[in-house]
Amino acid sequence: MKLTILGSGTSQGIPVIACNCEVCKSTDKHDKRLRCSAMLEVKGKQLVFDAGPDFRYQMLRADVKDIRAILLTHGHKDHVGGLDDVRAFNWVKKGGVDVYGNEGTREVVYKDFSYAFAAFRYPGVPEINYHVVDKAPFFIDDIKIVPIPVLHYKMWILGFRIGNFAYITDAKTIPDESMKLLEGVDYLVVNALRKEDHISHFTLSEALALVEYLKPKQAWLTHIGHQMGLASEVSKELPERVELAYDTFVTEIPEP
């Protein structure tokens, strides 16, 4: 498998509009963050986690020519705002793009992109084949996907496990049942917004506590806000086998 970090920032990205903090003014590429997204290549098929407002540019920057499916964690705009741009892949596929998410996310997608699901559809609107998933594992072709229900404050959203890899973002609480689904994960991407407490996101210390509990071989922190600090400084504080994710990062994920 091959992991590509398409975006590692929180809802406003970095730099944040009109902000003059040292992180937003940084010229280090590790401090330039589009909205949170990643892509996992499995058996030659591209699975994309979320399609936020930067989806179009992320696909261009990574030179993506086709995708097999999009896995949506939840319906907040920074995770679904770019779905209109699946139109390019509709042309490649000569058909719809398969999108997977829970019922709450479906409601948002059907509302925000109502023109794509209307009885009369204007020519050229995005073609989205939405599949509702919940707690049960499901397959995309021969690829097994295990949904990981987590809480984003009081909102149920989904992480996803594929083999020995798991992707979790926007989590604040992981119930015991979901923790069991993460046992044995060797490679983990998980959100860490900042150092100070937040009502709906893991802090740096909370994300590191999860990593310490699960003991993956490697973990990458994502959905990072400018309040976290400069990547070059924060990286010095991290334990072994934990790194800050950054946009355009690519790595191979060995299968178990």
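Here the structure is a predicted model, which is why all the values come from computation and not from measurement.

**Remarks on the UniProt feature "domain: Metallo-beta-lactamase" (unreviewed entry) in the chain**
And then number 1: Residues annotated in UniProt with the feature "domain: Metallo-beta-lactamase" (unreviewed entry) correspond here to residues 35–226.
And then number 2: Helix makes up 23% of residues 35–226 and strand 31%, with an end-to-end C-alpha separation of 12 Å.

**Observations concerning the pattern of salt bridges**
And then number 1: On inspection of all chains with the given rule, the structure shows 18 salt bridges.
And then number 2: A salt bridge links K43 to D142; the nearest nitrogen and oxygen atoms lie 3.4 Å apart. Here the residue K43 occupies a position in the loop between β2 (37–42) and β3 (45–49), and D142 occupies one in the loop between β7 (138–140) and β8 (143–152), the gap between them amounting to 99 residues.
And then number 3: Ionic contacts of the salt-bridge type, sharing partners, join the residues K43, K45, R68, D98, D141 and D142 into one network.

**A look at helix α6 (residues 204–214)**
And then number 1: Among all positions of α6, only L204, A207, L210, V211 and L214 are buried. Viewed end-on, α6 has its buried residues packed into an arc of 125 degrees, placing them on one side of the element. Within α6, the exposed residues directed more than 90 degrees away from the buried face are E212 and Y213.
And then number 2: Elements in contact with the buried residues of α6: α5 (176–181), β11 (187–191), β12 (218–222), α7 (231–234) and β13 (242–244).
And then number 3: Two residues or fewer past α6, K215 is found with a positive phi of approximately 55 degrees.

About the criteria used
- Residues numbered from 1 in each chain as written.
- Predicted model: local features only at pLDDT ≥ 70, side-chain atom pairs only at ≥ 80, totals over all residues.
- Heavy atoms only, no water.
- UniProt positions renumbered as here; feature names shortened; annotations may be inferred.
- Helix = DSSP H or I, 4+ residues; strand = E, 2+ residues; numbered from the N terminus.
- Salt bridge = Lys/Arg side-chain N within 4 Å of Asp/Glu carboxyl O.
- Buried < 20%, exposed > 50% of the residue type's maximum accessible area, 1.4 Å probe, protein only.
- Arc of directions from axis to C-beta.
- Contact = heavy atoms within 4.5 Å.

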